[in-house]
Amino acid sequence: MPQAIQLIVRSAAGLAIVLLLGCRSARDLPERAAAAGDTVAISKVASRFGFERFDVEDKQIVLREKPGVLEMEGDSRRAMFNRVVFWLSAPPVRRWGRWRMLQSDVEEMLAPLIVPSEAVKSEGNRVVLLDPGHGGEDSGATSGLYNIQEKQVTLELAGAVADLLRREGIDARLTRTDDRAMDLPARCEHAATVRADVLVSIHLNSATNTGSSGIEVHILPPAWHPGTADRKASCGNCMRYPGNLHDGANLVLGHALQASLLKHTGAEDRGVRRSRFHVIRCAPCPAALVECGFISNLREAQKLLTPGYRAQIARALAEGLVAYLDTVKRAHSEQSAVPPWRPK
Ligand SMILES: [Zn+2]
């Protein structure tokens, strides 16, 4: 091989290695960042957001007063804001006697919860699209204990939520109004067609472990951040999706829904979780997927059979949505209160 060509081949190989390493470091970002020191002291986080108290006892880190109560645990991704569980991308770590957390977690996971109006100021508040999970040949989860099909319960719940929202004067739509099959991309296309401002996909959970119970809300993880169920550094499909245009609002929506569901049902809090489910990846607006309980759990299946409990869930979803839309409205009015020019 002529020397010039050898040089080109070697440079190309070098570039490929650089690119590969580049991709890998991007995929592992949160874990690597924690190790590399791209972190901030939690005491600084407390003063930035105006928490008046910052208490640490062993691994329990609690910030409280003024914006709310933020509880984190050293070496754990599980955290709570105003008593609702959510997950960080990486656990707080102790360095030189001080607890620190990822700077990106402060921006992506804390800021939207603590200052929601900032996160939703560019979002709309007109059309709510409710998506009853599954349908047609796809029954979703079925209960071996009782004759429950997920597709039927989700359709009933979505209809009840839509009725409650319409009574509040909100334009509520459904992706399906009968027992028909609908693929996941079609649900996102429907959201684009009706110019939805928010999409909530309604589901029931099921697990082989019949002891599993509780309610969880799934939202999209920010690009390059692991999902809640992902193992530490595994981040295989972490790229940016259309749903990532609404990262901050996704969290505000997820938190509002989960807070309302817990308040109305008293169910176990499985938290606001991060998952790359298709319908929340492709959504053209803020989106969440709610799992309203486990039909594989005897106690929860019995409750879900009761019309009264299903009505409680519907009310909870409607109130969570109204709370989210009110936050958007407040953000818009705060914005319009700011003069469009500033005197020099
Ligand atoms: Zn489902």
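Rules of the game
Residues numbered from 1 in each chain as written. Predicted model: local features only at pLDDT ≥ 70, side-chain atom pairs only at ≥ 80, totals over all residues. Heavy atoms only, no water. Helix = DSSP H or I, 4+ residues; strand = E, 2+ residues; numbered from the N terminus. Contact = heavy atoms within 4.5 Å. Polar contact = N/O pair within 3.5 Å; in protein donor to acceptor, adjacent residues only side chain to side chain. Axes fitted to C-alpha atoms, helices over the stretch in contact; angles between N-to-C directions. Parallel < 35°, antiparallel > 145°, perpendicular 65-115°, else oblique. Left-handed = near helix turned anticlockwise from the far one by under 90°. Nonpolar A, V, L, I, M, F, W, Y, C, P; charged D, E, K, R; others polar. Pairing = 2+ DSSP bridges. Donors = N, O, S within 2.8 Å, 3.2 Å for Na, K, Ca; no water. Buried < 20%, exposed > 50% of the residue type's maximum accessible area, 1.4 Å probe, protein only.

A separate point is the environment of Ser139. Looking at the secondary structure, you find Ser139 in the loop between β9 (127–132) and α6 (150–167). Separated by 45 residues in sequence, Ser139 and Leu184 place their C-alpha atoms 14 Å apart. For Ser139, the residues in contact, after removing those within four places along its chain, are His134, Gln149, Glu150 and Lys151. Within the local environment of Ser139, its side chain forms a polar contact with the side chain of Gln149, the two groups lying 3.4 Å apart.

Turning next to the packing of helix α4 (residues 103–114) against helix α8 (residues 247–265). α8 packs onto α4 with a crossing angle of 60 degrees between their chain directions and a minimal axis gap of 9 Å. Overall, the two elements α4 and α8 adopt an arrangement that is oblique. For the pair α4 and α8, the crossing hand works out as right-handed. Taken together, the residues of α8 that come into contact with α4 (itself represented by Glu108, Met109, Pro112 and Leu113) are Asp247, Gly248, Leu251, Val252 and His255. When grouped by side-chain class, the residues that make up the contact of α4 with α8 number five nonpolar, two polar and two charged.

Quick look at the sheet that holds strand β8 (residues 98–102) now. Note on sheets: strands pair through backbone hydrogen bonds, and any given pair is parallel or antiparallel. Pairing is antiparallel in the open sheet, where three strands are placed in the order β1-β8-β7. Of all strands in the sheet, those with a lone pairing partner are β1 (39–41) and β7 (93–95), marking the two edges. Here the strands of the sheet are splayed against their neighbours by 45 degrees on average, with no regard to which way each runs. When β7 meets β8, the two strands line up antiparallel, connected through three bridges. Within β8, the residue paired with Arg94 across the bridge is Trp99. The sheet strands contacting helix α3 (residues 42–49) are β1 and β8, and the helix crosses β1 at an angle near 75 degrees. Contacting β1 and β8, α4 crosses the sheet at an angle of about 65 degrees to β8.

Around the zinc ion, the donor atoms from the protein are His134 (NE2), Glu150 (OE) and His203 (ND1), and they sit 2.0 to 2.2 Å away. Taken in sequence order, the residues that donate to the zinc ion follow the motif H-x15-E-x52-H. Here His134 is found in the loop between β9 and α6, whereas its partner His203 is found in strand β11 (residues 198–205), with 69 residues between them in sequence. Residue classification places His134 among the buried residues on the basis of a relative accessible area of 18%. Looking at His203, the relative accessible area reads 11%, which means it is buried.

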